[in-house]
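Read off the chains here:
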Amino acid sequence: MAERDPGARPERMLRRLVPWPLDVRARVLATVLTLTAIGMATTGTITLLAEQSQYRQHVDGTLEADIKEFRALAAARTQSDGTPITDVRSLMRTALQRQLASQGESFLALIGRKELYPPERTFELERLRPVMDAARATDPEAQVRIQEVNTTLGPVRFAVVPARVVGDPQVGLFVVGLQLRPGQQQILANARLYALVSGGCLGLVGVVGWLVAGRLLRPLRLLRDAARHISHSDLSLRIPVTGHDDVTELTRTVNEMLDRLQSAFETQQAFLDDAGHELRTPLTIVRGHLELLDGSDPREVGDVKALLLDELDRMGRLVDDLLVLAKARRPDFVRLAPLDLDRLVDEIADKALALGPRRWTVDGRPGLCIVADAQRLTQAVLQLADNAVRHTGPGDEIGIGAALDDDAQVRLWVRDTGCGVRTEDAHRIFERFGRASTGRGDDGSGLGLAIVSAIAAAHGGRVSLDSVLGQGATFTLVLPTRTLPVAEPSGPPDPDPGPFDGTLPPGPATRAGSVTSSSTSPLTAVPEVGP
């Protein structure tokens, strides 16, 4: 038997109560209005009950004050003119004359079958049969208590106070009553006013809540629309960021995720496009020579073998370069660690000796430590050095150096005295497969300077070019100075150091007669410190 979802039943009940679909905005607003209405209704009910209770206490207090005043008069036994009270009739007349009836209050005195009335009263108490029947049935010896009866004038609370006077055998009944309807009507009027104000406030809450909920949920709607429009070929759509709340933070997070997805997609697409474009030619060459190969001719087999191996080597270098560029946007592309820049310059200059017979010089050593990836910087500078070798002759000079400029930026350069670069080619040569139209054009893959630019960007820097056609060129890595975070591990060495690292003989740090120091530098070098 299949297990039942415990949440299915409440969902079915909700669908029965609300058959039409509601979006998040409507559900949030409905919840807020429902809770607000319940709160207002609860507050109004409690307030109404409290007012009714307070009103009854006020009525009872008024009746008790009248009873107390009557008993004080009976105990004093003195009329208004100062003469003593000698009978019940005089007591009742004096009491009725002294009482001032408030709104909805009335007095009455009963002596046997006779009734006495005050000069002024708000309603005729004797016309209310339930009150009169209860008053005449009062036991003179019973304790005085407050009673309530329903009459034609509404509910009436009253009290009957028996009284005797020494020397008079008659028993008098002093009756005081208060109508509850005027006070109850006022309470109901207040309740209606509260309900009216609550309804207006509820409507105002609904309008404001609808606008606020729409404002808060707008990023979610934009996120929904963005998700609908984003496709595998277009990840450029972003959600506008406004505000500083949690939903806005979610918007920023989604935009950052889209940035990462777009970067990964563009990197993958660029890798596929570049690989498909650049590998097609060598594959065509290999296939064509294999199809035309005469296996019976040893000499032709040897030539074709050498050609195919050369093409395969070129394909391998091309794939390595493409992989480096594909990894350039990964957070672990560079492994930051403290680095002695003087030692790095000397090691790079020593490794560059194997690139070609040139006059290699070290232009400057800044005498400082930086935070950078030594292997990636070595890869970038050797790439620039290899590029300089391919565009210079045996008698030309190539200088490698480093310095700290006036903006506290580290500059690491490679200069040559070759043919230089045209101004219109200065930006093109840093693009993938970009080559100069003339001058420094070669048969390379066109990825070397793109790799150098990617390594500089990964360090938060850039690559600059200073060249005069026919007088050489200087390629400079401009890197910001930074400190290594305490909690950031340096990590293991990068398993993919690049096309030069490991392929050239490392050699000693310096070789007598092969690397010379020179004060010539395209920058103002910091005075050399250390050996």
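### Here we look at the overall build of the protein chain
Each helix and strand counted, the protein chain has ten helices and 13 strands in total. In the protein chain, which comprises 531 residues, the share counted as buried stands at 38%. Total accessible area computed for the protein chain in this model is approximately 30,400 Å², and 56% of it derives from carbon and sulfur atoms.

### A few points about the side chain of S90
Mapped onto the fold, S90 is located in helix α3 (residues 88–98). For S90, a relative accessible area of 18% translates into the label buried.

### Digging into unusual backbone geometry
Here A408, not a glycine, exhibits a phi torsion of approximately 60°, which is positive. On the secondary structure map, A408 appears in the loop between β9 (397–404) and β10 (409–416).

### Things to note about the packing of helix α9 (residues 374–390) against helix α10 (residues 448–458)
Angle between the axes and distance between the axes are the two parameters that describe a pair of packed helices. Following both chains from N to C, one finds α9 and α10 inclined at 150°, their axes separated by 9 Å at the closest point. Comparing the axis directions of α9 and α10 gives the class roughly antiparallel. Here the hand of the crossing between α9 and α10 comes out left-handed. For the pair α9 and α10, the contacting residues are R376, L377, Q379, A380, Q383, L384 and N387 in the first and G448, L449, I451, V452 and I455 in the second. When its residues are assigned to classes, the contact of α9 with α10 shows seven nonpolar, four polar and one charged.

### Things to note about the packing of aromatic side chains
Scanning the model with the defined rule gives two aromatic pairs in all. Relative to F174, the ring of F70 lies with its centre 4.4 Å away and its plane at 5°, an arrangement referred to as stacked. Here F70 is found in helix α2 (residues 24–76), whereas its partner F174 is found in strand β5 (residues 168–179), with 104 residues between them in sequence. For the pair F70 and F174, one class covers both residues: buried. Taken together, the aromatic side chains of F70, F107 and F174 make up a single cluster linked through ring pairs.

### Brief notes about α9
Three- or four-residue spacings in an α-helix give side chains the same orientation, since the helix completes a turn every 3.6 residues. Taking 1.5 Å per residue, 17 residues should reach 24 Å; α9 reaches 24 Å between its end C-alpha atoms and fits that length. Extensive coverage of α9 is indicated by the burial of 14 of its 17 residues.

### Digging into the pattern of salt bridges
Taken as a whole, this structure holds 14 salt bridges when the rule is applied. With a closest N to O distance of 2.7 Å, E148 and R157 form a salt bridge. Among the charged side chains, a salt-bridge network with shared partners connects R56, D60, E148 and R157.

### With respect to the nonpolar core
Ranked by internal contacts, the top residues of the largest apolar core, which has 51 residues, are W360, I370, L377, I400 and L477. By residue number, the principal contributor to this core is α9, which donates eight residues. Apart from the residues within four sequence positions on either side, I400 is in contact with V345, I348, A349, A352, W360, T361, V362, D363, G364, V381, W413 and V414.

What counts and how
Residues numbered from 1 in each chain as written. Predicted model: local features only at pLDDT ≥ 70, side-chain atom pairs only at ≥ 80, totals over all residues. Heavy atoms only, no water. Helix = DSSP H or I, 4+ residues; strand = E, 2+ residues; numbered from the N terminus. Buried < 20%, exposed > 50% of the residue type's maximum accessible area, 1.4 Å probe, protein only. Areas by Shrake-Rupley, 256 points an atom, 1.4 Å probe, with all protein chains shown as cover. Axes fitted to C-alpha atoms, helices over the stretch in contact; angles between N-to-C directions. Parallel < 35°, antiparallel > 145°, perpendicular 65-115°, else oblique. Left-handed = near helix turned anticlockwise from the far one by under 90°. Contact = heavy atoms within 4.5 Å. Nonpolar A, V, L, I, M, F, W, Y, C, P; charged D, E, K, R; others polar. Phe/Tyr/Trp six-rings, centres within 6.5 Å; stacked < 30°, edge-to-face > 60°. Expected span 1.5 Å × (residues − 1). Salt bridge = Lys/Arg side-chain N within 4 Å of Asp/Glu carboxyl O. Core = buried A, V, L, I, M, F, W, Y, C linked by side-chain atoms within 4.5 Å.

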